[in-house]
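Fold and contact review
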Amino acid sequence: MFVIKTAEEFVAAINTERNTVQVFVKLLEKEEDALIHGRIDELDKLASDKVRLAEKLECLVKQRIQYLSFLGFSLDKAGMQLWLSRQADDELQTIWDELVQLASVAQQINQTNGKIISAQLQHSQRTYMALQGAAGNIYLYGPKGQAFI
């Protein structure tokens, strides 16, 4: 992992993090579209791309945390805001604000995608149970009410 040693490298890393989150949001939007329109064959590739980007983001976040720690700032949003306030750079503040906003959007889309997947799974399970029932199979029920064959 690359260790950030200068403020210039830190700014470049923040910019890279923002750009990576932008790509991640676009990928989540593609996933959402594939889920909504039933293009299941696209999901494996999208999942692989998500893992790759998540690993890259994890590395960038670790670099940011290391640098803030090295400078003696707290490792949370407040520490980052304090560092930003000492830079007196409106463009850098804008990049950080965009990063925070994009991360929020990514979280919302990811939650929506999870709900879509959950709903589709429940539908598939109900359909499967209905088909099993129509075939005359006997059901047993688990402690949470789920059907077992």
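Residues numbered from 1 in each chain as written. Predicted model: local features only at pLDDT ≥ 70, side-chain atom pairs only at ≥ 80, totals over all residues. Heavy atoms only, no water.

**Some details on the overall build of the protein chain**
Condition: Numbering of helices and strands runs from the N terminus, with a helix taken as a DSSP run of H or I at least four residues long and a strand as a DSSP run of E at least two residues long. Buried residues are those whose accessible area, probed at 1.4 Å on protein chains only, stays under 20% of the maximum for their type, while exposed residues exceed 50% and partly exposed ones sit between those limits. Throughout, a contact is declared for two residues whenever any of their heavy atoms are within 4.5 Å. In these tables, accessible area is a Shrake-Rupley quantity obtained with a 1.4 Å probe, and a residue counts as shielded only by the protein chains included in the view.
Broken down by element type, the protein chain carries four helices and two strands. Per-residue burial over the protein chain gives 29% buried out of 149 residues. Sequence separation of 24 or more characterises 56% of the internal contacts of the protein chain that already satisfy a separation of 6 or more. Only carbon and sulfur atoms are counted for the fraction: they give 57% of the accessible area of the protein chain, which is about 9800 Å².

**Brief notes about the side chain of Asn-113**
Put simply, the rule is: Two N or O atoms form a polar contact when they lie within 3.5 Å of each other; inside protein one atom must be a possible hydrogen donor and the other a possible acceptor, and for residues adjacent in sequence the pair counts only when both atoms belong to side chains.
Topologically, Asn-113 is positioned in helix H4 (residues 90-134). Judged by relative accessible area, which is 1%, Asn-113 ranks as buried. A polar side-chain atom of Asn-113 sits 2.6 Å from a polar atom in the side chain of Glu-31. Beyond its immediate sequence surroundings of up to four residues, Asn-113 is in contact with Leu-28, Glu-31, Glu-32 and Leu-35.

**Focus: the packing of aromatic side chains**
Aromatic ring pairs are defined here through the distance separating the ring centres and the angle between the ring planes. We count it as follows: Only rings of Phe, Tyr and Trp enter the pairing, Trp through its six-membered ring, and a pair is recorded when the two centres are within 6.5 Å. The plane angle decides the type: under 30 degrees is stacked, over 60 is edge-to-face, the rest tilted.
In total, this model carries two aromatic pairs according to the counting rule given. Among the aromatic residues, those joined into a cluster by ring pairs are Phe-10, Tyr-67 and Trp-83.

**Some words on the pattern of salt bridges**
Rules: We define a salt bridge as a side-chain nitrogen of Lys or Arg found within 4 Å of a carboxyl oxygen belonging to Asp or Glu.
In the structure shown here, the tally under the stated rule is seven salt bridges. Measuring nitrogen to oxygen at the nearest pair gives 3.0 Å for the salt bridge that ties Lys-50 to Glu-31. Note that Lys-50 is positioned in helix H2 (residues 43-71) and Glu-31 in helix H1 (residues 7-36), a separation of 19 residues in sequence. When sorted by exposure, Lys-50 lands in the same class as Glu-31, which is buried. In this structure, the salt-bridge partner of Arg-39 is Asp-33, at a minimum N-O distance of 2.5 Å. Under the relative-accessibility criterion, Asp-33 is labelled partly exposed at 31%.

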